[in-house]
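So you can see what is in the structure, the chains are spelled out below.
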Amino acid sequence: MILALAGGVGGAKLAHGLTRILDPSELVIAVNTGDDFLHLNYFICPDLDSVLYKLAGINDTERGWGIRDETWNFMESLKKVGGEDWFQLGDKDLATHVERTRRLSEGQTLSEVTQALCLQHDVRHTIIPMTDHRVGTVVDTKDGDFFFQDYFVRLRCAPEFTGVHYKGMEDAVPAPLFNQALNSPDLQAIIFCPSNPFVSIDPILSIPGVSDAIRQTEVPIVAVSPIIGGRAVKGPAAKMMQELGLPVSATGIAEHYGDLIDGLVIDEQDASLSAQILPTGTGVQVTNTLMKSAEDEKNLAETALNFARLLSHREF
Ligand code: FO1
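Residues numbered from 1 in each chain as written. Predicted model: local features only at pLDDT ≥ 70, side-chain atom pairs only at ≥ 80, totals over all residues. Heavy atoms only, no water.

Caption draft 1: Focus on the pattern of salt bridges. Going through the model one piece at a time under the given rule, you end up with 13 salt bridges. Here D60 makes a salt bridge to R63, at a shortest N to O gap of 3.4 Å. A relative accessible area of 12% means that D60 is categorised as buried. For R102, the salt bridge is made with E99, and the minimal N-O distance between the two is 2.8 Å. With R102 and E99 both in helix α4 (residues 91–105) and 3 residues apart, the pair spans about one turn of that helix. Through salt bridges that share partners, E99, R102, R103 and E106 make up one connected network. (Salt bridge = Lys/Arg side-chain N within 4 Å of Asp/Glu carboxyl O. Buried < 20%, exposed > 50% of the residue type's maximum accessible area, 1.4 Å probe, protein only. Helix = DSSP H or I, 4+ residues; strand = E, 2+ residues; numbered from the N terminus.)

Laid out in structure tokens, this is it:
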């Protein structure tokens, strides 16, 4: 069984590649919920929805979030009555938030709600929130601290990034299926998808007990670099690295994860960086990491799995 840690778009793409190789019983996708927030009294889970919509084949590839062929009647009407319109909720997407919020208010856990939504969309692979507790990623900047969506959508990532902290994390525990996967004797590898290390993967690693469990497991931990040729495919990862003074490259990603990972998959464009990364003790696999098609997603998933096999010196 393979455990994948995922954020939004990049995570969803690699997760999709993995689902084309692995049966539902062989894959668990644990998703960042640090971006989640209550908006207009609806509970919004952007990364869970990005993975869900992608696996359901209904994601909007242009925008990178939400549902394709979306309509915006609700937003237009909301604007007309003077409502909050900085965060766009499409008509189709809104149904997910209404139903999720209804189920949560009835006492279901976020894991249960996510499972129900997967079932409704005929998604058979396991998508789970990292935790059923409410945690919020807070982005620390030179202009003050902002909840993630405020920083990302409202402020368009403009303030200078200095770090992150997570509200409510001290009380959080991994979601039951995530915990089960982390401690399963069937676990064969953990893959960090090419998601933002600071605001997508780190929140998952910051849940009490998760990093320790990852350090203790003997299975290979493979990360896929979200930085290609000094740039992030999407989102503020490169800007954040630069503002932190980290090298904006796969080397910076290797530095960030340190000895938590056994191997890093980097892009062909960055092949020469192997010489900087290998001496730190992290293995390197060079391949095409830019996922423009479903074939690219599957190939990258295959490469990451083969790399993990190589690192574990075991067949699976
Ligand atoms: N991103 C935006 O840049 N602007 C939006 O108005 C916006 C709305 C939105 C609604 C639902 C949803 O699931 C995602 C949405 N996103 C929007 C994307 C979201 O901010 C990001 O995908 C993640 O939080 C980053 O991984």
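Caption draft 2: Structural view of the sheet that holds strand β7 (residues 144–147). Read across the open sheet, the 3 strands follow the order β7-β6-β8; overall the sheet is antiparallel. Either end of the sheet is taken by a strand with one partner, and the two such strands are β7 and β8 (161–167). Adjacent strand axes in the sheet meet at a mean angle of 25° when their direction is disregarded. The strands touched by helix α8 (residues 197–205) are β6 (136–141) and β8; relative to β8, the strand with the most contacts, the crossing angle is about 30°. (Pairing = 2+ DSSP bridges. Axes fitted to C-alpha atoms, helices over the stretch in contact; angles between N-to-C directions. Contact = heavy atoms within 4.5 Å.)

Caption draft 3: Structural view of the packing of aromatic side chains. For the structure on display, the rule yields 7 aromatic pairs. With a centroid separation of 6.1 Å and an interplanar angle of 50°, the aromatic rings of F37 and W86 are classed as tilted. Of this pair, F37 sits in strand β3 (residues 37–39) while W86 sits in the loop between α3 (73–80) and α4, placing them 49 residues apart in sequence. Plain terms: the ring middles of W86 and F87 are 5.6 Å apart, the flat faces sit at 65° to each other, and that makes the pair edge-to-face. Since its relative accessible area comes to 23%, W86 is described here as partly exposed. Grouped by ring-pair contacts, the aromatic residues F37, W86 and F87 constitute a single cluster. In this arrangement the basic side chain of R63 is found over the ring face of W65, its NZ or CZ atom lying 4.8 Å from the centre. (Phe/Tyr/Trp six-rings, centres within 6.5 Å; stacked < 30°, edge-to-face > 60°. Lys NZ or Arg CZ within 6 Å of the ring centre and 35° of its normal.)

Caption draft 4: Main features of helix α13 (residues 294–312). The terminal C-alpha atoms of α13, which comprises 19 residues, lie 27 Å apart, in line with the 27 Å expected from a rise of 1.5 Å per residue. Just beyond α13, the residue with positive phi is H313, at close to 55°. (Expected span 1.5 Å × (residues − 1).)

Caption draft 5: A look at the sheet that holds strand β1 (residues 2–6). Spatial strand order, β5-β2-β1-β9-β10-β13-β14: 7 strands in an open sheet with parallel pairing. The open sheet terminates on both sides in strands that have one partner only, identified here as β5 (126–129) and β14 (283–287). Averaged over all adjacent pairs, the angle separating strand axes in this sheet is 20°, with direction ignored. The pairing of strand β2 (residues 27–31) with β5 spans 4 bridges and is classified as parallel. Bridged to A30 within β5 is I128.

Caption draft 6: Broad picture of the side chain of H125. Within the secondary structure, H125 is located in the loop between α5 (110–120) and β5. Separated by 2.7 Å, the side chain of H125 and the backbone oxygen of L22 make a polar contact. Leaving out residues up to four positions away in the same chain, H125 has contacts with T19, L22, D23, P24, L27 and L55. (Polar contact = N/O pair within 3.5 Å; in protein donor to acceptor, adjacent residues only side chain to side chain.)

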